[in-house]
Amino acid sequence: MKFFIDTANLAQIKEAHDLGVLDGVTTNPSLMAKEGIKGEANILKHYADICELVDGPISAEVLSTDFKSIIEEGKKLAAIHPNIVVKVPMIKDGVKALKYFTDNGIKTNCTLVFSAGQAILAAKAGATFVSPFIGRIDDSAWDGVELIAQIAQIYSIQGFKTEILAASIRNALHIVKCAEAGADICTCPLDSILGLLKHPLTDIGLAKFLEDAKKM
Ligand SMILES: O=P(O)(O)OC[C@H]1O[C@](O)(CO)[C@@H](O)[C@@H]1O
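The rules behind these values
- Residues numbered from 1 in each chain as written.
- Predicted model: local features only at pLDDT ≥ 70, side-chain atom pairs only at ≥ 80, totals over all residues.
- Heavy atoms only, no water.
- Disulfide = S-S within 2.5 Å.
- Helix = DSSP H or I, 4+ residues; strand = E, 2+ residues; numbered from the N terminus.
- Expected span 1.5 Å × (residues − 1).
- Buried < 20%, exposed > 50% of the residue type's maximum accessible area, 1.4 Å probe, protein only.
- Arc of directions from axis to C-beta.
- Contact = heavy atoms within 4.5 Å.
- Axes fitted to C-alpha atoms, helices over the stretch in contact; angles between N-to-C directions.
- Parallel < 35°, antiparallel > 145°, perpendicular 65-115°, else oblique.
- Left-handed = near helix turned anticlockwise from the far one by under 90°.
- Nonpolar A, V, L, I, M, F, W, Y, C, P; charged D, E, K, R; others polar.
- Near = heavy atom within 4 Å.
- Polar contact = N/O pair within 3.5 Å; in protein donor to acceptor, adjacent residues only side chain to side chain.
- Areas by Shrake-Rupley, 256 points an atom, 1.4 Å probe, with all protein chains shown as cover.

*Asks:* How should the state of the cysteines be read in this particular structure?
*Replies:* By definition, a disulfide links the sulfur atoms of two cysteines through a covalent bond. Inspection of every chain in the model, using the stated rule, returns zero disulfides. Left unpaired, Cys110 is separated from the closest cysteine sulfur, that of Cys178, by 17 Å. Counting only cysteine sulfurs, Cys186 is the nearest neighbor of Cys188, a cysteine outside any disulfide, at a range of 4.8 Å.

*Asks:* Would you mind going over helix α4 (residues 67–78) with me for this structure?
*Replies:* Since the α-helix advances by 3.6 residues per turn, residues separated by three or four positions end up pointing in the same direction. Over its 12 residues, α4 extends 16 Å from the first C-alpha to the last, a length consistent with the 16 Å expected when each residue adds 1.5 Å. Here α4 has its buried residues at Ile70, Ile71, Gly74 and Leu77. Within α4, the buried residues cover an arc of 130° as seen down the axis, which keeps them to one side. Exposed and facing more than 90 degrees away from the buried side of α4 are Lys68 and Glu72. Against α3 (40–53), β3 (58–61), β4 (84–89) and α5 (92–103) lie the buried residues of α4.

*Asks:* Is there a simple way to explain the packing of helix α8 (residues 144–158) against helix α9 (residues 172–181) in this structure?
*Replies:* In a pair of packed helices, the angle between the axes and the distance between the axes together describe the arrangement. Closest axis-to-axis distance for the α8/α9 pair is 8 Å, and the angle between their directions is 20°. With respect to α9, the axis of α8 lies roughly parallel. Two packed elements cross with a definite hand, and for α8 against α9 that hand is right-handed. Where α8 approaches α9, its residues Val145, Ile148, Ala149 and Ala152 are matched on the opposing element by His174, Lys177, Cys178 and Ala181. Across the contact of α8 with α9, the residue classes tally to six nonpolar, one polar and one charged.

*Asks:* Is there a simple way to explain the site of the ligand in this structure?
*Replies:* Every residue near the ligand is listed here: Asp6, Thr26, Asn28, Leu31, Lys87, Thr111, Ser131, Phe133, Arg136, Ala167, Ser168 and Arg170. Residue Arg136 places a side-chain N or O atom 2.7 Å away from an oxygen atom belonging to the ligand. Arg170 has a polar side-chain atom sitting 2.8 Å from an oxygen atom of the ligand. Relative to its free-state accessible area of 390 Å², the ligand is covered by the protein chains to the extent of 85%. Of the residues that constitute the shell around the ligand, the class distribution is three nonpolar, five polar and four charged.

What follows is the structure, given as structure tokens:
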């Protein structure tokens, strides 16, 4: 399973990259706004800066919702760098745009996916990645990880090539469960990635080894 970091914060992206386990980056309008990035020129420049830090797929989300504008905006984003993946919402014009981008060699990430039916549509339209929102599903007392398992089974039976990108990850256990359920990628906040490091027996064991090492 690949690891993407889910942030537009350059320091966090660098920290995850320096750990040596980072395969890509996802952003969304909320994450970009959190960094205070405003205006088209600054937005495009910020994506370019992320592409300089990480050599892997970098998802940049369109803000348009009608076909013509999604295509225009997506082409502008894709022109920033060959690693840019155009992130398109799961709406009617979005599905049409996914097909257009696929036919024109532009990589896509279908976002705001909450059901297996939506994941089938995204795959049919040729999306490179599909993003089911695990945490937000859990927040509504449904089972986000179960959706990952269902999509993984459907894609395997049907031979769909779209990669399952588990999104809206809230903790380290989500990462483990998504790996188990067959996600191809987890996009995670830095804290969730670092959460994988934690085990009290590791800390206790290391302290004991270091103490005994003094007797060597
Ligand atoms: O529910 P959250 O934590 O806002 O996450 C939303 C998710 O949507 C995405 O835009 C989908 O790729 C990710 O950036 C993020 O993981």
